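Results of the structural survey
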Amino acid sequence: MRRTIASLFTLSLLFAFLLAVVLGLMVLFGELSLGIAIVAVILINGVMLLVGPFINDLIYRFFYDMTWVSLEELEARSPESAAVVREITDEYGYGTPKLGVIHDSNPTAFTYGSGRFNARVFVSDGLFEYLDDEEVASVVAHEMGHITSRDFITMTLANTVVQILYLVAVRMIGVGLQARGIKDPKALIAAFGVLTFLFYLISDYAVLYLSRVREYAADEFAADYTDPDSMSLALVKVAYGILETKGDSDL
């Protein structure tokens, strides 16, 4: 399941960069103006931010064994998790996210959406099987941290900036290739284009760093609403699949 979620996220990111590359080539060869390309990137990313959750719903509904559950149904399996959801939504003033359960034995959880207003939180059966109630609640609180911090919007904006930097760099380098000499003003444009492309490369890694920072922030958020020790043990169980056994309860 972790590989599935990671694959979907990676494919979405690759599609976004592929879009930027295709539009960049069209700009370079004069098939599309830079302004139109930038507007297209912004619009497409905006539409995907709004429509993406519904597409993901279809994927998990028809290709995976997923069912929607109410907060009361979640409470029946994990009272602490339901309490955490109520506490956070009451404190920050937004509605209960849609809740889903994927019938898979691998302990995992994830969230997606456009913002607080249409966020989804998914947990797997394995989460209830291998984690105790406080640990499950800490994982749910982690996902609620992403929703509360509006990480969906933050990451979409960050990726949009990276794509626009690429388009601008390609356009400037394309203009610079028409320079007839080092003193030609277009040569200076090419130099700025190379600098912009360098910014694009750095920004690409900055987005990865931002993603990791958001994960750490969600961990801290969860630790504020649940037992930090439960949070730590839950991370070990979920991320590494190391489960407690009767023979070695300290593991």
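Described below are features of the structure shown in this document. Quantities reported herein were computed from a predicted structural model and do not represent experimental measurements. (Residues numbered from 1 in each chain as written. Predicted model: local features only at pLDDT ≥ 70, side-chain atom pairs only at ≥ 80, totals over all residues. Heavy atoms only, no water.)

Counted by the stated rule, this structure contains six salt bridges. We note a salt bridge from Arg86 to Glu72, for which the minimum N-O separation is 3.9 Å. Highlighted residues: Arg86 in helix H4 (residues 79–92) and Glu72 in helix H3 (residues 71–77), separated in sequence by 14 residues. Across the pair Arg86 and Glu75 runs a salt bridge, and its minimum N-O distance is 3.3 Å. Separated by eleven residues along the polypeptide, Arg86 in helix H4 and Glu75 in helix H3 bring together distant segments of the chain. With relative accessibility at 29%, the residue Arg86 sits in the partly exposed group. Given the relative accessible area of 31%, Glu75 is considered partly exposed. Here the salt bridges share partners, and the residues they tie into one network are Glu72, Glu75 and Arg86. (Salt bridge = Lys/Arg side-chain N within 4 Å of Asp/Glu carboxyl O. Helix = DSSP H or I, 4+ residues; strand = E, 2+ residues; numbered from the N terminus. Buried < 20%, exposed > 50% of the residue type's maximum accessible area, 1.4 Å probe, protein only.)

Moving on, we get to the sheet that holds strand E2 (residues 98–102). Here we have four strands laid out as an open sheet, ordered E1-E2-E4-E3, and mixed in their pairing. Of all the strands in the sheet, the pair left with one neighbour each is strand E1 (66–69) and strand E3 (109–112). Each adjacent strand pair in this sheet contributes to an overall mean axis angle of 25 degrees, direction not counted. One ladder, built from four bridges, connects E1 with E2; its direction is antiparallel. Across the sheet, Trp68 pairs through a bridge with Gly100, a residue of E2. The sheet contacts of helix H6 (residues 133–148) involve E3 and strand E4 (120–124), and relative to E3 the element is tilted by about 15 degrees. (Pairing = 2+ DSSP bridges. Axes fitted to C-alpha atoms, helices over the stretch in contact; angles between N-to-C directions. Contact = heavy atoms within 4.5 Å.)

Within the secondary structure layout, Tyr112 lies in strand E3. Relative accessible area serves as the criterion here: at 9%, Tyr112 is assigned to the buried category. Residues Tyr112 and Asp151, 39 residues apart in the sequence, show an inter-C-alpha distance of 9.1 Å. If near-sequence neighbours (up to four positions away) are discounted, Tyr112 is found in contact with Pro53, Asn56, Asp57, Tyr60, Asn118, Ala119, Arg120, Phe122 and Phe152. One polar contact links Tyr112 to Asp57, side chain to side chain, over a distance of 2.6 Å. (Polar contact = N/O pair within 3.5 Å; in protein donor to acceptor, adjacent residues only side chain to side chain.)

With 31 residues, the main nonpolar core has Ile88, Val123, Leu127, Leu131, Val139, Met144 and Ile147 as its most contacted residues. Counting residues per element, the ones that place at least two in this core are H3, H4, E2, E4, helix H5 (125–130), H6, helix H8 (185–225) and helix H9 (228–240). If one sorts the elements of this core by residue count, H6 sits on top with seven residues. Not counting chain neighbours up to four residues away, the residues in contact with Ile147 comprise Tyr94, Pro97, Thr111, Arg116, Ala119, Val121 and Phe152. Judged by nonpolar contacts, the second largest core, of ten residues, contains Ala158, Val162, Val170 and Tyr200. (Core = buried A, V, L, I, M, F, W, Y, C linked by side-chain atoms within 4.5 Å.)

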